[in-house]
Amino acid sequence: MKNILVTGGAGYIGSHTAVELLESGYNVICIDNFSNSTEAVFENIQRITGKRFTWYEADVRDAVQLDSIMGAHHIDCVIHFAGYKAVGESVQKPLMYYQNNIDSTLILCERCLKHSINNIIFSSSATVYGRPQYLPLDEAHSLSATNPYGKCKLFIEHMLKDLHIAHSEMNIALLRYFNPVGAHSSYKLGESPRGIPNNLMPYVCQTALGIREKLHIFGNDYNTVDGTGVRDFIHVVDLAKGHVAAVQKMATDPGCVVYNLGTGNGISVLELVHAFEKVNGIEVPYVIAPRRSGDVAECWADPGAAKRELGWKAQLTVEDMVRDSWEAQKALGVHDILQSRQYTASV
Ligand code: NAD
Ligand code: WQD
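Quick caveat, the model's predicted, so the values are computed rather than measured.

**Some words on the overall build of the protein**
Secondary structure summary: the protein contains 11 helices and 13 strands in total. Computed over C-alpha atoms, the radius of gyration of the protein comes to 19 Å, within 12% of the 20 Å expected from 2.2 N^0.38 for 347 residues, which places it in the range of a compact globule. With respect to the three principal axes, the spread of C-alpha positions in the protein is 55 × 45 × 40 Å. Expressed as a percentage of the 347 residues in the protein, the buried residues total 56%. Positive and negative charge centroids in the protein, built from 30 and 37 side chains respectively, lie 1 Å apart.

Below is the structure:
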């Protein structure tokens, strides 16, 4: 396993994964249509790693472009990150989500079959567990989805499992991410969502920076340690390393596998905000607001299967997460944030 095609390679998780792959000695070929990123991300990946790699401005839904890229490189494995990811937006614009997220995966799989690329790793999400029936969530937990974004993830998981059943030579890894935060320690990569952030950490960072007046904490009356929601926040660099471990496993132990990528530790929204304030020495003004529709009280992973079978375990701490998120946010600067595109810190 040498040549890895990374779709959505300029995005938040894809860019961090490209860095880890390059530093582990893989050849990386990235494609991205820059709908939520810019090509400056690729320049920064090269600066961080000191390694050149090939990238294409291409849409995964474009079979002709995929054929040409796959024909030009001997691809061993595809890691498929490309897609839209905002839950709220998926409720407002369901067809846009079904069109991009489902079509891209369908077309990618067809092209993989045509080019005999037998290894596919897919970015799934803890959202496929729906409302937790028990905690921690293991991979055997029942699956459900309540919004178009989650339904896409669930459907794609089924699609890829069916692909493996029909084509047993096709190896599949479904990686279910919990709540990725943090940034590469160079602070040349990071996360900057379009418009007003939906996710907690970008909102916390933008509030600390003064772009948002105050953080709204959605509910403090849950049956949790302090009444606020509890999540399994995982550093994006740990998450990226989980992909390298999945590539290594596929090379030696093929099949169709599903792994949670989380830390196994739940922490509350307030605990995260207080850690951010303490580690970074900056106040985050907040108010308690009503619960957000669709939120679950608590959600954290049992990452035991990934540890046993991939030899992977998250290493970085909550302190690392809040420090790196903040440092990367500061490096990004207010102007670029207001440009509302993916991270493009100047170096
Ligand atoms: P991101 O938006 O930062 O990255 C996705 C990248 O894909 C972007 O650079 C975008 O320009 C590109 N893209 C979108 N549609 C494309 C297409 N049709 N062709 C080519 N490129 C396209 O998102 P992310 O946070 O890096 O997430 C990556 C994957 O992980 C997504 O599939 C997402 O659903 C999944 N995921 C993310 C989270 C999270 O909280 N960030 C959690 C669980 C799962
Ligand atoms: C975390 C906690 C909020 C914002 C989502 C997707 C999931 C996955 C990760 C892609 C909750 C609270 C948040 C704010 C707040 N993405 N919060 N004020 O909802 O756990 O997961 O992102 O796959 O599919 O659903 O993450 O960061 O939005 O929220 O109080 O301004 O922070 O209520 O308790 P979530 P989140």
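Next comes the rest of the write-up.
**Some details on empty space enclosed by the protein**
Take a probe with the size of a water molecule and roll it over the atoms, and the empty space left behind shows itself. Taken as a whole, this structure holds one cavity of 30 Å³ or more when the rule is applied. Its volume calculated, the largest cavity comes out at about 100 Å³. If you trace the largest cavity, you find 13 residues lining it, with Gly 182, Glu 191, Cys 205, Ser 325 and Gln 329 closest to the centre. When contributions to the lining of the largest cavity are tallied by element, the ones reaching two or more residues are helix H7 (200-208) and helix H11 (318-339). Here the residues of the lining of the largest cavity sort into eight nonpolar, four polar and one charged.

**Some details on the confidence of the model for the protein**
Across the protein, the average pLDDT comes to 95, with 96% of residues at or above 70. In this model, residues 341-347 is a region of pLDDT below 50 whose contacts with residues beyond four sequence positions or in other chains number 38 contacts. Interface scoring of the predicted complex returns ipTM 0.99; its pTM is 0.97.

**Let's talk about the site of ligand 2**
In the region of ligand 2, 18 residues are neighbours, and Tyr 149, Leu 200, His 216, Arg 231 and Asp 295 sit closest. In the environment of ligand 2, an oxygen atom lies 2.9 Å from a nitrogen or oxygen atom belonging to the backbone of Phe 218. Between ligand 2 and Asp 295, the relevant distance is 2.5 Å, taken from an oxygen atom to a side-chain nitrogen or oxygen of the residue. For ligand 2, the accessible surface in isolation is 680 Å², of which the surrounding protein chains cover 87%. Among the secondary structure elements, those contributing two or more residues to the shell around ligand 2 are H7 and strand E8 (215-218).

**A look at the pattern of salt bridges**
If you walk through the whole model with that rule in mind, you get 12 salt bridges. Between Arg 111 and Asp 67 there is a salt bridge whose closest N-O contact spans 2.9 Å. With a gap of 44 residues between them, Arg 111 in helix H5 (residues 94-114) and Asp 67 in helix H3 (residues 63-72) connect regions that are remote in the sequence. The partner of Glu 157 in a salt bridge is Arg 176, with the nearest N and O atoms 2.7 Å apart. Note that Glu 157 is positioned in helix H6 (residues 148-166) and Arg 176 in strand E6 (residues 171-177), a separation of 19 residues in sequence. Across this residue pair, the class does not change: Glu 157 and Arg 176 are buried.

**Notes on H5**
Helix length check: H5, at 21 residues, gives a terminal C-alpha distance of 30 Å against a target of 30 Å (1.5 Å per residue), a fit within 8%. Residues of H5 that are buried: Tyr 97, Asn 100, Asn 101, Ile 102, Ser 104, Thr 105, Ile 107, Leu 108, Cys 109, Arg 111 and Cys 112. On its buried side, H5 packs onto strand E1 (3-7), H3, strand E4 (77-80), helix H4 (87-92), strand E5 (119-125) and H6. Backbone geometry just downstream of H5 places Ser 116 in the positive-phi region, at approximately 55°.

The rules behind the values
Residues numbered from 1 in each chain as written. Chains lettered and ligands numbered in written order. Predicted model: local features only at pLDDT ≥ 70, side-chain atom pairs only at ≥ 80, totals over all residues. Heavy atoms only, no water. Helix = DSSP H or I, 4+ residues; strand = E, 2+ residues; numbered from the N terminus. Rg over C-alpha atoms; globule rule 2.2 N^0.38 Å. Buried < 20%, exposed > 50% of the residue type's maximum accessible area, 1.4 Å probe, protein only. Lys, Arg positive; Asp, Glu negative; His and termini not counted. Charge placed at Lys NZ, Arg CZ, Asp CG, Glu CD. 1 Å grid on protein atoms, 1.4 Å probe; cavity = no way out; pocket = protein on both sides within 12 Å on 5 of 7 lines; lining within 4 Å. Points joined across faces, edges and corners; volume = space filled by probe spheres on them. Nonpolar A, V, L, I, M, F, W, Y, C, P; charged D, E, K, R; others polar. pLDDT = per-residue confidence, 0-100. Contact = heavy atoms within 4.5 Å. Near = heavy atom within 4 Å. Polar contact = N/O pair within 3.5 Å; in protein donor to acceptor, adjacent residues only side chain to side chain. Areas by Shrake-Rupley, 256 points an atom, 1.4 Å probe, with all protein chains shown as cover. Salt bridge = Lys/Arg side-chain N within 4 Å of Asp/Glu carboxyl O. Expected span 1.5 Å × (residues − 1).

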